[in-house]
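# Structural overview for review
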Amino acid sequence: MNTERYSSPAIAAHWLIALLIFAAFPLGLYMHELPLSPTKLKLYSYHKWIGMTVLGLFVLRVLWRLTHRPPAPLPAPAWQQTAAEVTHRLLYVLMALVPLTGWLMSSAKGFQVVYLGVLPIPDLIAKNPDLGEILEEVHESLNWLLFGLVGLHVAAALKHHLIDKDATLRRMLPFGRV
């Protein structure tokens, strides 16, 4: 059995991005429904900071992945290997597209992202409220797709751990041994 673990940077990026996504999604749902207030604006800032952090970590993760091979897949039926590959690729695409559509939406709506309240991030496009509304819908739809894929990813990891009793999950845990 392949007992090779993922590298420490890959594990750290995986769990940090996961925690940020788990924070950003419910925050986005909550803040969206609030009436305009200083609290709502503050929560939007936090949401944007989380998104930009995910985007930055995603770039670092991809660069790491391009220069460091992950462990070989564990033995599994071909359909599971294919499902895992497709799911992982879609997760990678969404880790880029969700924050990018949020950034584009902010730009189009005329609200510049100011990272951590101190670093203005350049707008990607000129102010265009109509496009901003479209990008809001795209951003929301991509978030729901990400939510579903993360759920599938978690369910598959738990299935491997609890039912198959293989090392799939343990190879990505930040503690313990495979």
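Above this text is the structure in question.
Scope of this entry: the structure provided in the associated data block.

The rules we used
Residues numbered from 1 in each chain as written. Predicted model: local features only at pLDDT ≥ 70, side-chain atom pairs only at ≥ 80, totals over all residues. Heavy atoms only, no water. Core = buried A, V, L, I, M, F, W, Y, C linked by side-chain atoms within 4.5 Å. Buried < 20%, exposed > 50% of the residue type's maximum accessible area, 1.4 Å probe, protein only. Helix = DSSP H or I, 4+ residues; strand = E, 2+ residues; numbered from the N terminus. Contact = heavy atoms within 4.5 Å. Phe/Tyr/Trp six-rings, centres within 6.5 Å; stacked < 30°, edge-to-face > 60°.

## Some words on the nonpolar core
- The biggest cluster of nonpolar side chains holds 22 residues, and the ones touching the most others in it are Ile-17, Ile-50, Leu-94, Met-95 and Leu-146.
- Looking at this core, the elements that each hand over two or more residues are helix 1 (8–32), helix 2 (38–67), helix 3 (78–109) and helix 4 (129–164).
- Aside from chain neighbours lying at most four places away, what touches Leu-146 is Ile-21, Leu-91, Leu-94 and Val-98.
- Counting 5 residues, the second-largest nonpolar core is a separate cluster that includes Met-52, Leu-55, Trp-103 and Val-113.

## Structural notes on the packing of aromatic side chains
- Scanning all chains against the criterion turns up 5 aromatic pairs.
- Consider the rings of Phe-25 and Trp-144, whose centres lie 5.0 Å apart with planes at 85°: the pair is edge-to-face. In this pair, Phe-25 is assigned in helix 1 and Trp-144 in helix 4, connecting sequence segments 119 residues apart.
- Residue class for Trp-144 comes out partly exposed when judged on its relative accessible area of 41%.
- Ring centres of Phe-25 and Phe-147 lie 4.7 Å apart, and the angle between their planes is 15°; on these two criteria the pair is classed as stacked. Note that Phe-25 is positioned in helix 1 and Phe-147 in helix 4, a separation of 122 residues in sequence.

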